[in-house]
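Each chain is listed here by its residues.
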Amino acid sequence: MAASSSDIVVRARGVTRRFGEIVAVEGLDLDVRRGEVFGLVGPDGAGKTTTLRMLCGLLEPDEGEIEVAGCDVRRQRERVREDLGYMAQRGGIYDDLTVEENVRFYADLYGIPARAREERMSDLLRLTRLEPFRRRRAHQLSGGMRQKLALVCALVHRPQILLLDEPTTGIDPISRQDFWALVAELRKGGMTIIFATAYLDEAERATRLGLMYRGRLLRCASADVLRRGFSGQGCEVLTPERARARGVLRQTAGVVEVEPFGAALRVFFDPALTSPEVLRRALEAEGIPEVTVRPLAPSLEDVFIALIRQHERADRGKGGGDRVGH
Amino acid sequence: MTWRRTWAMARKEFLHIRRDPRSLLLALAVPIVLLLLFGYALRLDVDRIPMLVFDADGSPQSRNLIARFAGSRFFDVVGMVEDPARIRREMDRQRCLLALVIPPDYSRRWLRGERASIQLILDGSDSNTASIALGYAEALLREHVGSWQMSVLRRATGVMVNPPVDVRVRVWYNSELRSRNYIVPGLIAIILMIIAALLASLTLAREWEMGTMEQLLSTPVRPSEIVLGKMLAFFAIGLLDMLIALLVGVVFFRVPLRGDPLLVLLMGGLFLFGALGWGVLISALVRSQVLAYQLGVLTSFLPAFLLSGFIFAIENMPPVVQAVTYLVPARYFIVILRGLFLKGVGVELLVGEVAFLIAYAAVVFGLATRCLQRRLA
């Protein structure tokens, strides 16, 4: 992960933000490199939106520093705004304005000359296939089209970095596909994209993920790395005598949990105490027939839930008898 | 601050207004409705006071007195009663406001040079009108007695005696003392205040409610540009309203406009700027449209109506309330309007009022901008 510092376009160090008693974001360190698609993932209230708002200068951190494109967000807010495109959770679309009027409004706020504005608008509307709806009022657009319009408005000043706050919440699956295809298109053009989402399937679209939970960034890695790091902790057991096998596994040292999953059993264990091989032998020793044990390919969801559990345990100190792994 | 961004805000706001014909209609209908209501219905002139007379004397002297009342334009003798109990009944039915009771010994005592007494009965349930009616009646009786004294003196001395003081009243600026002439100019202030506070107070609150404010604030647009842009759009509507009010007042109600009409518009613009700033300030403080609307009405319309001297004289208010009126911009604007309409004075006599309006507009605009800045930080 060696990257030259000029490659890093968003850098946060020790960023903390409180709202009264509530700590929304705590000690956040983040580096995002040029051309990355970085996904901030976490449940509602994890601090994703607060983080994005701080990155684009809408909120000031109580502690810590944020640099965007080499500029301090607090001191050079104006410069940063030129480099950043931000798409707020609810978008900035005015329902009673037409598609064109919305885009022109934002272009004017960014001080884009009229000719360049029309050219860029045409390009972006073509890219998003909104061209035929130029003169349609925004409230007559579908949810997906509306979201694309919000994207156009956030892109009209050609930012280097795009921040998307839950861009596809409440949108049908086809439109979501469409939207992410657009984002991929933008990335090809060299744009750095940071998005927040609560959907784990969307998180797969990121080149790198940051898991946020209760104001803290727990882990930053690509989805593959996260999954690989997890694979030691769970496996699937197949056998015709599922019920008996379950009883045996529960008695085996190091097994944390056994759950029926389809025709199989999912077993979660503490890698320090046992392994899939040990488990297989234990089952065969009890005379369970036709045992197949295979490593579990965890979903991102499994990984994240495990990470969150780990984190909660660490928070509570080393309390005994805790469930491990899953 | 750039003009480009401010203008972009203003143009967007114009589009909102154009796309919402109902509120545009409201903005243009409100002044007309208010003008008609107040211009016609709100008449503070007291004349043709309906009165009853119970004349138990029936003498030339008593008829003489009654004739005085009947001849005055302030009184209208609606009937003579035979039974004093009828006075109460008629007053309860609101057929009369005033009753004159002349006792049977009125002329006898009068002719003997004794002290003759009469009784005036007033319906005090409308104390304002009653006290005005009483004032008129007292003045009329004083004159009646005075002229009689003169005639007695003349007869006794044989010399033509003139009253020692001859009072000749001339009313300046509103010679007919028509209340409409001072209500309609004051009404312009009320209309501008209502329109400004209502329209402007909704505008930022709506952006917060729709979630567009966050997006706006992420662009290079500055709070001062947002506030000014929005104010510009409503300013146009406010000026239109003021033109409507001026036209209706001058053409329809025939209120004299003796000052420079351009100066009226200029002063109106100044007042409007402050009033819009107030609306935007409320809007910046409150993020819900409903609350902003209610606050807007409460803090703009009521003070402008009650504490500006529009109808209720400031001199008659308790000192604490009087002190509060100094903070009500409509108070100053109404002085300016009446000065311009009725007296035709120039701006040089209104320097104090103009200075306050300028200061008010500047302070409110500054506060609105700062509040918006605070809300996002």
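No experiment lies behind these values; they were computed from the predicted model shown.

Rules used throughout
- Residues numbered from 1 in each chain as written.
- Chains lettered and ligands numbered in written order.
- Predicted model: local features only at pLDDT ≥ 70, side-chain atom pairs only at ≥ 80, totals over all residues.
- Helix = DSSP H or I, 4+ residues; strand = E, 2+ residues; numbered from the N terminus.
- Buried ≥ 20, exposed ≤ 12 C-beta atoms within 10 Å, placed from the backbone.
- Contact = placed C-beta atoms within 7 Å.
- Pairing = 2+ DSSP bridges.
- Axes fitted to C-alpha atoms, helices over the stretch in contact; angles between N-to-C directions.
- Core = buried A, V, L, I, M, F, W, Y, C linked by C-beta atoms within 7 Å.
- Domains from an automatic or database assignment.
- Nonpolar A, V, L, I, M, F, W, Y, C, P; charged D, E, K, R; others polar.

From N to C terminus, chain A includes 11 helices and 14 strands. In terms of overall dimensions, chain A has C-alpha extents of about 80 × 45 × 40 Å along its principal axes. Here chain A, with 326 residues, has 42% of them falling under the buried criterion. Sequence-distant contacts in chain A: of pairs separated by 6 or more residues, those separated by 24 or more amount to 69%.

On to the sheet that holds strand β7 (residues 161-165) of chain A. Strands pair in a sheet through their backbones, by hydrogen bonds, and they do so in one of two ways: parallel or antiparallel. All names here are of chain A. The strand order across the open sheet formed by six strands is β6-β7-β8-β3-β9-β10, and the pairing between neighbours is mixed. Edge positions in the sheet fall to β6 (84-87) and β10 (216-221), since each of these pairs with one other strand and no more. Each adjacent strand pair in this sheet contributes to an overall mean axis angle of 15 degrees, direction not counted. For β6 and β7, the ladder comprises four bridges, and the chain directions are parallel. Bridge pairing links L84 to I161 in β7. Strand contacts of helix α5 (residues 143-155): β6 and β7, with the helix running at about 155 degrees to β6, the strand carrying the most contacts. The sheet contacts of helix α11 (residues 300-316) involve β3 (37-41), β9 (208-213) and β10, and relative to β9 the element is tilted by about 45 degrees.

This brings us to the nonpolar core. Within the largest apolar cluster, 152 residues are counted, with the highest numbers of intra-cluster contacts made by V156(A), L163(A), A189(B), L192(B) and A196(B). The element that contributes the greatest number of residues to this core is helix α7 (residues 179-210) of chain B, accounting for 20 residues. One finds F75(B), I87(B), C96(B) and L100(B) within the second-largest nonpolar core, a separate group that totals 20 residues.

What follows covers the domain arrangement of chain B. Annotation of chain B at the domain level lists domain 1 (3-43 + 178-376) and domain 2 (49-157). The C-alpha centroid of domain 2 of chain B is placed 49 Å from the C-alpha centroid of domain 1 of chain B.

Moving on to unusual backbone geometry. Residues and elements named next belong to chain B. Unusually for a residue other than glycine, Q94 sits at a positive phi of about 65 degrees. Its location among the elements puts Q94 in the loop between α4 (85-92) and β3 (98-102). The exposure class assigned to Q94 is exposed, which follows from the 11 C-beta atoms found within 10 Å. In this structure, R254 is a non-glycine residue whose phi angle is positive, near 55 degrees. Here R254 is to be found in the loop between α9 (223-252) and α10 (261-285). R254 sits in the exposed class, given 11 other C-beta atoms within 10 Å.

Turning our eyes to something else, we now look at the pairing of strand β12 (residues 255-261) of chain A. Each regular strand carries side chains that alternate between the two faces of the sheet. All names here are of chain A. Alignment of β12 against strand β13 (residues 264-269), held across six bridges, turns out to be antiparallel. For E259, the partnering residue across the bridge sits in β13 and is R266. Hairpin geometry of β12 and β13 is characterised by an intervening segment of two residues between the two adjacent antiparallel strands and by a positive phi of about 60 degrees at G262.

It is worth spelling out the interface of chain A and chain B at this point. Counting residues at the interface gives 21 residues for chain A and 21 residues for chain B. Contributing elements (two or more residues each) for the side of chain A that touches chain B: α2 (77-83) and α3 (99-109) of chain A. Broken down by element, the side of chain A that touches chain B gets its largest block of residues, five residues, from α3(A). For the side of chain A that touches chain B, the class distribution of residues is 10 nonpolar, three polar and eight charged.

So, about the domain arrangement of chain A. All names here are of chain A. Domain annotation of chain A identifies domain 1 (5-221) and domain 2 (230-316). Domain 1 and domain 2 are separated by 40 Å when their C-alpha centres are compared. Opposite the eight residues of domain 1 that make contact, domain 2 presents six residues. Elements with a contribution of two residues or more to the side of domain 1 that touches domain 2: α7 (200-203), β9 and β10. Taken together, the residues that form the side of domain 1 that touches domain 2 break down as six nonpolar, no polar and two charged.

Here we take up the pairing of β9(A). All names here are of chain A. Sheet topology places β3 next to β9; four bridges connect them, and they run parallel. The residue of β9 that forms the bridge with L40 is G210. Inspection of the sheet shows β9 paired to β10 by five bridges, in the antiparallel sense. Bridge pairing in β10 places L209 opposite A221. Joining the antiparallel neighbours β9 and β10 is a turn of two residues, in which R214 adopts a positive phi near 45 degrees.

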